[in-house]
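Survey of secondary and tertiary structure
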Amino acid sequence: MSLSSRHLLGLQGVPREDIQLILDTAQTFKEVLQRPIPKVPTLRGKTVVNLFFEPSTRTRISFELAEKRLSADTVNFTASSSSVLKGETLRDTARNIEAMKVDIVVIRHSAAGAPHFLSRHVRANVINAGDGRHEHPTQALLDMMTLREKFGTLEGLRVAIVGDIANSRVARSNLYGLRTMGAEVALCGPRTLIPAEAELWGVPIFYDVDQAIAWADVLNVLRIQRERQARGYFPSLREYHMRWGITRKRLEKAGKPIVIMHPGPINRGIELDSDLADSEFSVILDQVTNGVAVRMAVLYLLSGETSVD
Amino acid sequence: MNEPQQAKRVLIKGGTLLDPKRRSAEQVDIVIENGRIATIGRIEEASFSGDVVDARGHVVCPGLLDLHVHLREPGQEDKETIATGCQAAMAGGFTAVCSMPNTDPPADNRSVIEFIRERAAGRLVTVYPIAAITKGRQGEEISEMADLVEAGAVAFSDDGSSVKNTAVLRRALEYSSMFDVPVIEHCEDPYLDEGGVMNEGFVATELGLPGMPRIAEEIIVQRDLSVLGYVGGRLHIAHVSTRGSVELIRRAKEKGLAVTAEVTPHHLALTDEEMRRFDSNFKMNPPLRTAEDVQALIEGLRDGTIDAIASDHAPHCVHEKDELELEYAPFGVIGLETTLGVVLRVLVQEHSFPLAEVLDKLSYQPARIIRKEETLTIREGAQANLTVFAPEERWRVDANRFFSKGRNTPFRDWELPGRVRAVFNNGLWWRREA
Ligand SMILES: [Zn+2]
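Residues numbered from 1 in each chain as written. Chains lettered and ligands numbered in written order. Predicted model: local features only at pLDDT ≥ 70, side-chain atom pairs only at ≥ 80, totals over all residues. Heavy atoms only, no water.

**Some details on the packing of aromatic side chains**
Let me state the cut-off plainly: What counts as a ring pair is set by centres within 6.5 Å for rings of Phe, Tyr and Trp (its six-membered ring), and what kind of pair is set by the plane angle: stacked under 30 degrees, edge-to-face over 60, tilted for all other angles. Elements are defined by DSSP. Helices are runs of H or I of four residues or more, strands are runs of E of two residues or more, and each kind is numbered from the N terminus. Partly exposed describes any residue whose relative accessible area lies between the buried limit of under 20% and the exposed limit of over 50%, with all areas from a 1.4 Å probe on protein chains only and scaled to the type maximum. For a ring to carry a charge above it, either NZ of a lysine or CZ of an arginine must fall within 6 Å of the ring centroid while also lying within 35 degrees of the normal to the ring plane.
According to the stated counting rule, one finds 11 aromatic pairs over all chains in the structure shown. Consider the rings of Trp 201 of chain A and Phe 202 of chain B, whose centres lie 5.9 Å apart with planes at 75 degrees: the pair is edge-to-face. Linking Trp 201 of chain A in the loop between β6 (184–188) and β7 (205–206) with Phe 202 of chain B in helix α5 (residues 202–207), this pair reaches from one chain into another. Overall, Trp 201 of chain A belongs to the buried group, its relative accessible area being 6%. Residue class for Phe 202 of chain B comes out buried when judged on its relative accessible area of 17%. Each ring, one from Phe 403 of chain B and one from Trp 430 of chain B, has its centre 6.0 Å from the other, and the planes form 90 degrees; the classification is edge-to-face. With Phe 403 of chain B in the loop between β17 (386–396) and β18 (415–425) and Trp 430 of chain B in strand β19 (residues 428–431), the pair connects residues that are 27 residues apart, well separated along the chain. By relative accessible area, which is 21% here, Phe 403 of chain B ends up partly exposed. On the accessibility criterion, Trp 430 of chain B (1% relative accessible area) is buried. Three or more aromatic residues link up through ring pairs in this structure, and these residues are Tyr 176 and Trp 201 of chain A together with Phe 202 of chain B. Above the ring of Phe 331 of chain B, the side-chain terminus of Lys 283 of chain B is found at 4.9 Å from the ring centroid. The ring of Trp 395 of chain B carries Arg 419 of chain B above its face, with NZ or CZ at 4.4 Å from the centroid.

Here it is, written out as structure tokens:
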């Protein structure tokens with residue numbers, strides 16, 4: 001079994017069989033992670049470079065851990081600013097990667113399409129670890145893995161994504177991936193943070209979070225960037241919390257089981273009440289564990305290796 | 001490349017003379033002597049001594065004129081120079097270009113206009129400089145328009161942005177009206193487009209790219225038309241890209257307002273779907289819009305709402321355009337060498353426009369806007385300002401073979417009809433080798 005593409009650039013257009021395969025493989029790796037020595041020689045001799053043009057401790061650590069568990073050689077490259085400011089173009093970066101004979105590139109970048117650009121210029125397999133506001137496929141895969149574990153299937157599951165939809169790569173990847181897997185998706189947030197013509201996605205859009213809660217089995221709560229308020233997308237964090245913040249009171253009022261996810265890091269008390277993150281509603285820690293397993297699966301499947309151990 | 005030669009004695013043999021002015025097509029021979037049209041009629045090749053252009057199956061038409069070209073000199077000679085821009089124009093069939101004033105320093109005073117004219121002197125391609133509407137293109141004080149017109153400016157524009165302050169735009173239209181020179185507006189509300197990368201709509205939403213809404217253009221078109229209606233003058237709308245803008249201009253023309261408009265080949269040929277490739281060669285301002293807008297632009301050209309086709313040739317260096325992330329790359333694409341081919345393909349082949357009509361929008365119509373129609377006259381005794389092209393000859397766009405310094409074309413690898421074989425102007429002529 002193998003994936004239909006050499007790269008993982010996003011989940012839009014990725015066939016169901018591929019997502020299925022990644023999730024099934026991730027489940028196998030999760031078992032590996034529970035062994036006393038949670039390490040397999042699968043990627044021994046392979047070189048993975050982690051290119052992080054944007055700070056992201058969580059995602060970087062998750063990928064690094066996945067690579068180590070697979071016995072890959074890893075090279076980390078972190079740059080706090082975009083390549084423009086550095087004076088080196090992304091094309092130069094691609095040339096350097098080519099010269100280094102790298103097998104897999106993991107790239108996180110503040111500009112949408114940077115992984116796509118790279119994939120046109122390097123022979124290595126490219127994994128998108130988040131590109132601008134576009135996609136964050138491994139995040140959505142770990143979200144789907146977590147939900148599949150919790151509910152047994154994604155088919156028919158109702159997932160409401162709450163928050164800054166316009167600027168969220170997590171929202172897009174979840175939307176594309178979940179719908180491919182037969183789940184229903186709804187979007188919820190202030191009108192100013194729902195992107196133009198989002199209705200063409202053909203999903204319910206709620207401006208009222210209580211309606212979204214009433215509709216959903218799962219809430220995927222996005223991190224709200226404080227700069228959005230500064231730029232006038234909503235009047236204050238206080239009002240955001242009042243209208244769209246997920247609180248225990250809101251969940252209890254719904255009177256039904258509901259699962260809370262969050263891609264992290266959480267602004268406690270703004271998009272999510274402080275105690276909810278650690279409550280019975282939350283699967284946030286499962287998300288973190290599954291993140292490593294999913295990334296191992298993607299690395300392994302793209303590497304072209306044929307056996308896990 | 002081969003340089004233009006003195007047009008001492010040249011015979012254009014057997015071409016189809018297509019003069020949009022006369023709307024007639026006839027197969028004739030044309031003799032050019034010392035840069036002037038000596039004879040239009042039947043000439044026996046055997047009895048002729050001089051250079052011969054075998055133009056059988058070719059179209060001979062007035063030299064094309066491009067209203068909207070960024071020659072980048074002075075100040076950004078790494079992107080383009082007046083010399084390379086003129087070569088690109090020539091290779092694309094243009095014998096005249098209007099240079100946009102967003103140079104460094106900007107063309108907001110007589111010395112820059114004179115510099116451009118000096119650099120352009122003696123070339124086959126005529127450069128008509130456009131001067132800035134406001135000093136430093138800052139949108140605050142109008143430039144010395146009388147002096148600039150006297151120095152040779154044919155129009156005013158702060159292209160790259162609109163005149164933000166409506167009162168300043170009003171003064172510019174009032175003041176320039178004394179010289180019968182148009183104000184060319186790049187219509188864009190800077191607040192609505194702030195941070196934008198592509199057309200706002202579903203494609204941008206799917207890609208997570210910040211949008212530039214169509215109303216950002218239309219609001220300024222509407223504002224400018226209101227001001228024009230109030231104070232008069234002449235207004236030319238650069239690179240119209242939306243259906244709403246076409247409708248606004250159409251209504252203004254019906255009311256008799258002195259407004260003209262241009263459209264670019266890329267806005268006629270491409271839509272925002274191209275952005276799915278995340279390729280910065282499709283990033284320009286105004287951005288590529290939707291199929292519905294493209295349709296409206298074509299209708300606007302057909303019914304005369306849009307007067308002219310202009311390239312908005314905007315060269316950039318490879319390292320600052322092709323090699324950058326889409327979100328960080330600058331706006332702009334080149335077009336001088338592909339415009340004729342693209343409009344032949346899109347308008348003539350795909351939308352059955354008469355060839356004469358398309359050539360009109362590339363010659364007489366733009367020339368009329370800057371009052372240079374007389375330079376296009378085709379008759380015995382007139383200066384030879386002619387373009388000869390093979391309408392059926394197909395060629396593949398190879399950015400590495402452009403005469404322009406720019407490689408930033410959205411038409412890479414397109415197969416285009418219409419190869420320019422020769423151009424004549426200013427006593428010179430050039431023919432494409434092989
Ligand atoms: Zn412009």
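**Let's talk about the coordination of the zinc ion**
Residues and elements named next belong to chain B. The criterion, for reference: Note that water is not among the atoms used; donors are N, O and S atoms within 2.8 Å of the metal (3.2 Å for Na, K and Ca), so sites may look incomplete.
For the zinc ion, the protein coordination sphere consists of Asp 159 (OD), His 186 (ND1) and His 239 (NE2), at 2.0 to 2.3 Å. Sequence spacing of the donor residues for the zinc ion, all on one chain, is D-x26-H-x52-H. Here His 239 lies in the loop between β14 (235–237) and α7 (243–254) and His 186 lies in the loop between β11 (183–185) and β12 (198–199), a separation of 53 residues in the sequence.

**Focus: the packing of helix α6 (residues 137–151) of chain A against helix α7 (residues 169–180) of chain A**
Residues and elements named next belong to chain A. The criterion, for reference: As a rule, the C-alpha atoms of each element are fitted with a line to give its axis, helices using only the stretch in contact, and angles between N-to-C directions run from 0 to 180 degrees. We call two directions roughly parallel when the angle between them is under 35 degrees, roughly antiparallel when it is over 145, roughly perpendicular when it lies between 65 and 115, and oblique otherwise. For any helix crossing, the convention is left-handed if the near helix is rotated counterclockwise from the far helix by under a right angle, and right-handed if that rotation is clockwise. The contact rule is simple, with two residues in contact once any of their heavy atoms fall within 4.5 Å. Amino acids outside the nonpolar list (Ala, Val, Leu, Ile, Met, Phe, Trp, Tyr, Cys, Pro) and the charged list (Asp, Glu, Lys, Arg) are all regarded as polar, and Gly is one of them.
Contact pair α6 / α7: the axes reach a minimum separation of 8 Å and the direction vectors enclose 55 degrees. Taken as axis vectors, α6 and α7 run oblique relative to one another. Considering only the axes of α6 and α7, their crossing is right-handed. Taken together, the residues of α7 that come into contact with α6 (itself represented by Pro 137, Gln 139, Ala 140, Asp 143, Met 144 and Leu 147) are Val 170, Ser 173, Asn 174, Gly 177 and Leu 178. Taken together, the residues of the contact of α6 with α7 sort by class into six nonpolar, four polar and one charged.

**Quick word on the interface of chain B and chain A**
Heads up, the condition is: Salt bridges are identified by distance alone: a Lys or Arg side-chain nitrogen within 4 Å of an Asp or Glu carboxyl oxygen. Think of a polar contact as two N or O atoms within 3.5 Å of one another; within protein, one of them needs to be a possible hydrogen donor and the other a possible acceptor, and neighboring residues in sequence only count if both atoms come from side chains.
Taken together, the contact pairs 22 residues of chain B with 30 residues of chain A. The tally of links from chain B across to chain A stands at three salt bridges. Taken together, the connections running from chain B to chain A amount to 16 residue pairs in polar contact (both at pLDDT 80 or more). For the side of chain B that touches chain A, the class distribution of residues is seven nonpolar, four polar and 11 charged.

**Some words on a nonpolar patch on the surface**
All names here are of chain B. Rules: Exposure above 30% relative accessible area and the absence of a salt bridge qualify a residue for a patch, where like charges join within 9 Å and nonpolar side chains (Val, Leu, Ile, Met, Phe, Trp, Tyr) within 5 Å. Reported accessibility uses the Shrake-Rupley method at a 1.4 Å probe radius. Residues are deemed covered only where the shown protein chains occlude them.
Together, Leu 192, Ile 215 and Ile 219 line one region of the surface with nonpolar side chains, adding up to about 230 Å² of accessible area. Of note, Leu 192 is situated in the loop between β11 and β12. Given the relative accessible area of 34%, Leu 192 is considered partly exposed.

**Examining the domain arrangement of chain A**
Residues and elements named next belong to chain A. Cut-off, in case you're wondering: Start and end points for every domain follow an automatic or database-based domain assignment. Here the quantity called buried area is the accessible surface, traced with a 1.4 Å probe, that two parts lose on coming together, added over both.
By the assigned domains, chain A splits into domain 1 (16–135 + 291–303) and domain 2 (137–287). Using only C-alpha atoms to locate each centre, domain 1 and domain 2 end up separated by 26 Å. On the domain 2 side, the residues contacting the 27 residues of domain 1 number 26 residues. For the pair domain 1 and domain 2, the summed buried area comes to about 2200 Å², and 55% of that belongs to carbon and sulfur atoms. Applying the counting rule to domain 1 against domain 2 returns four salt bridges. Where Glu 155 meets Arg 16, a salt bridge forms, and the shortest distance between an N and an O atom there is 2.8 Å. Here domain 1 is connected to domain 2 by 13 residue pairs in polar contact (both at pLDDT 80 or more). Looking at the side of domain 1 that touches domain 2, the elements that each hand over two or more residues are α1 (16–33), α2 (57–69), β3 (104–109), β4 (125–131) and α12 (284–303). At nine residues, the largest contribution of residues to the side of domain 1 that touches domain 2 is made by α1.

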